[in-house]
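Per-entry structural report
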Amino acid sequence: MTLNDRLKALVERIPKNICGVYYLMNDNDEIIYIGKSINIRQRLIQHFKSTDKKEIKLQHFTYKVNIENTGNELIALLRESELIKSHLPIFNRAQRKINFFYALYKEENEKGYEALIIKKIENSGKELLAFTSLNEAKDYLFSMTEKYMLCQKINGLYKSKSACFQYSLKECNGACINLEEPKEYNKRVRKFIKSIQLPKKDFLFELDGRTNSEKGIVLVEKGIYKGFGFCPITIDSHDEMINYISTKQDNKDVRGILFRHIKKELIKYSKEQSQL
C-alpha cells in the first residue's frame, strides 16, 4: 500500500532511529492513539501502510504526529502505559480499562491454609492482583489453582462440606479434607505469589539515554515502582541519580512491565555467567 501525501508528510517529519512514544492526533488536535516503538518512524510506516480495518480508520483520522524520545524501550513502555491512562485515546481500547473492581487477596484460614480469595477491591494495598470484573478474576484464579495444584474449595471456587471436585481428579492433594499439611500446601501458594510479584528489593536500572551525554534511569524501591528520569552519563552515585527521578504512579500494569524486564535481565545474566 502506498502512503497518501498527508501520511507521507507526517512520516517524513519524524527523525530516523528514535526510540520512544508517539501520539497520533486528529484534525482537532485530539489524541486518538498512543504507542511506543524502538523505531518510531518505521512503526508509523507500518501503521499507515496496513490494510487492517482498525489501522485504516487510524489512517483516515490521523492529521498530526507528536513524539517523545525516551532513548530506551523500558522507559518507552512505562511512559506509554502512563499516557494511555491519562488521555484514554479512543483507539487504545485494550489499555483503557483502568477501573479495577475486584482483587485477589491472601488470607490464612482456620486450619492454617493460605487461601487465595477474590473480593471487591479494598484499596488497602494488600491486593495481589486487580481485575476489571468478577468473571475475569474467577477465570484467572481457576487457571492458577489448577497450575499450582491448589484447592478450589480453599480458594472459594467450589462449595462443599467434603473434598473438592479436583481431589477426585487427583488435581488437588487433599488440603480440602486436611490430608495435606498446611506447610506443604502453603509452599505452592507462595510459589504462585512469587511468580506475580516484583522482588521486594531496590533496583536502579541504568539505560540508554536520549543523547550520548545522558542515561535513562528507572527506580524501584522494595518492589514498588517510583518513577523514571534522565541524568548526565557521568553521574555514578546512586543518591545523585535518584535526584533526577520523576515520581510516577505504581500500578498493576507497570509492575507487569518491570517484572518482565527484571526476568529478562536475570535470564541474560544467567546465560552470560554460564559462558564464563
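None of these values were measured; they are calculated from a predicted model. (Residues numbered from 1 in each chain as written. Predicted model: local features only at pLDDT ≥ 70, side-chain atom pairs only at ≥ 80, totals over all residues. Heavy atoms only, no water.)

**Observations regarding helix α1 (residues 5-12)**
Here is the rule: Only protein chains enter the accessibility calculation, which uses a 1.4 Å probe; a residue whose area is less than 20% of its type maximum is buried, one above 50% is exposed, and one in between is partly exposed. By the criteria applied, helices consist of DSSP H or I runs no shorter than four residues and strands consist of E runs no shorter than two, each listed in order from the N terminus. Each C-beta atom gives one direction from the helix axis, and the arc is the one those directions make. Note on definitions: a residue-residue contact is assigned when non-hydrogen atoms from the two residues lie within 4.5 Å. Any pair of nitrogen or oxygen atoms within 3.5 Å is treated as a polar contact; in protein, a donor-acceptor pairing is required on top of that, and neighbouring residues in sequence qualify only through side-chain atoms on both sides.
Taken together, the buried positions of α1 are L7, L10 and V11. With its buried residues spanning 95° around the axis, α1 presents them on a single face. Among the exposed residues of α1, those oriented more than 90 degrees off its buried face are D5 and E12. For α1, the secondary structure elements touched by its buried residues are α2 (40-49), α3 (53-61) and β3 (64-69). N-capping of α1 is provided by N4, with a side-chain oxygen placed 3.1 Å from the backbone N of R6.

**Things to note about the packing of α1 against α2**
In a pair of packed helices, the angle between the axes and the distance between the axes together describe the arrangement. So the rule is basically this: Comment: axis = line fitted to C-alpha atoms, over the contacting stretch for helices; angle = value between 0 and 180 degrees taken between N-to-C directions. The scheme is simple: roughly parallel for angles under 35 degrees, roughly antiparallel for over 145, roughly perpendicular for 65 to 115, oblique for anything else. Left-handed is the label given to a crossing in which the near helix is rotated counterclockwise from the far helix by less than a right angle, and right-handed is the label when the rotation is clockwise. Only Asp, Glu, Lys and Arg are considered charged in this grouping, and only Ala, Val, Leu, Ile, Met, Phe, Trp, Tyr, Cys and Pro are considered nonpolar; every other residue, Gly among them, is considered polar.
Their axes nearest at 9 Å, the elements α1 and α2 cross at an angle of 165°. In this view, α1 runs roughly antiparallel relative to α2, as classed from their interaxial angle. Crossing hand, α1 versus α2: right-handed. Taking contact as the criterion, the partners of L7, L10, V11 and E12 in α1 are, on α2, R41, L44, I45 and F48. When grouped by side-chain class, the residues that make up the contact of α1 with α2 number six nonpolar, no polar and two charged.

**Notes on the pattern of salt bridges**
Where we set the bar: Salt bridges, as used here, are contacts in which a Lys or Arg side-chain nitrogen is within 4 Å of a carboxyl oxygen on Asp or Glu.
Within this structure, the stated rule accounts for 15 salt bridges. E68 is the partner of R79 in a salt bridge, and the nearest nitrogen-oxygen pair spans 2.9 Å. Here R79 is found in helix α4 (residues 73-87), whereas its partner E68 is found in strand β3, with eleven residues between them in sequence. With a shortest N-O distance of 4.0 Å, D236 and K215 are connected by a salt bridge. Taken together, the residues D236 in the loop between β9 (224-232) and α8 (238-242) and K215 in strand β8 (residues 214-221) connect sequence positions 21 residues apart. The exposure class assigned to K215 is buried, which follows from its relative accessible area of 6%. Residues joined by salt bridges that share partners form a network here, namely E68, R79, E82 and K248.

**Observations concerning the nonpolar core**
Threshold: Buried Ala, Val, Leu, Ile, Met, Phe, Trp, Tyr and Cys residues that are joined via side-chain atoms within 4.5 Å together make up what is termed a nonpolar core.
One finds L104, L116, C151, I154, Y185 and F192 to be the most contacted residues of the largest nonpolar core, which totals 25 residues. When residues of this core are traced back to their parent elements, those giving at least two are β4 (102-108), β5 (114-120), β6 (129-131), α5 (134-147) and α7 (182-196). Here this core takes four residues from α7, the largest share from any one element. Once you skip the residues sitting within four places of it in the chain, I154 turns out to touch N109, Y113, E114, A115, I117, A175, C176 and Y185.

**Regarding the packing of aromatic side chains**
Basically, it comes down to this: The criterion for an aromatic pair is that two Phe, Tyr or Trp rings (for Trp, the six-membered ring) have centres within 6.5 Å, with stacked assigned to planes under 30 degrees apart, edge-to-face to planes over 60 apart and tilted to the rest. Only when the NZ atom of a Lys or the CZ atom of an Arg is both within 6 Å of the ring centre and within 35 degrees of the ring normal do we say a charge sits over the ring.
Following the criterion strictly, the structure yields seven aromatic pairs and no others. An angle of 90° between the planes, with centres 5.6 Å apart, marks the rings of Y113 and Y185 as edge-to-face. Taken together, the residues Y113 in the loop between β4 and β5 and Y185 in helix α7 connect sequence positions 72 residues apart. Take Y113 and Y185: they sit in the same class, and that class is buried. What links up through ring pairs into an aromatic cluster is the set F131, Y140, Y148 and F192. A cation over an aromatic ring shows up here: R6 above the ring of Y63, its NZ or CZ 4.4 Å from the ring centre.

**Some words on the pairing of β9**
Threshold: Pairing between strands is defined by DSSP: at least two bridges between the two strands are required.
The pairing of β8 with β9 spans eight bridges and is antiparallel. Counterpart to G216 in the pairing with β9 is F230. Following β8, the chain reverses through two residues before pairing antiparallel with β9; K222 in that reversal takes a positive phi of roughly 50°. Where β9 meets strand β10 (residues 245-247), three bridges bridge the pair, whose relative direction is antiparallel.

**Topic: α3**
Turning to α3, its buried residues are E55, L58 and Q59. Looking straight down α3, one finds that the buried residues subtend no more than 100° of arc, so they occupy a single side. More than 90 degrees from the buried face of α3, the exposed residues found are K53 and H60. Tucked into the core, α3 has its buried residues touching α1, β1 (20-25), β2 (31-37) and α2. Backbone nitrogen of K54 and a side-chain oxygen of the N-cap are separated by 3.0 Å at the start of α3; the cap is D52.

**Topic: the sheet that holds strand β7 (residues 203-208)**
Strands pair in a sheet through their backbones, by hydrogen bonds, and they do so in one of two ways: parallel or antiparallel. Reading across from one edge, β7-β8-β9-β10 is the order of the four strands in this open sheet, with antiparallel pairing throughout. Of all the strands in the sheet, just β7 and β10 have a single pairing partner and so form its edges. Each adjacent strand pair in this sheet contributes to an overall mean axis angle of 25°, direction not counted. Each of β7, β8 and β9 is contacted by α4, which is oriented at about 125° to β9, the strand it contacts most.

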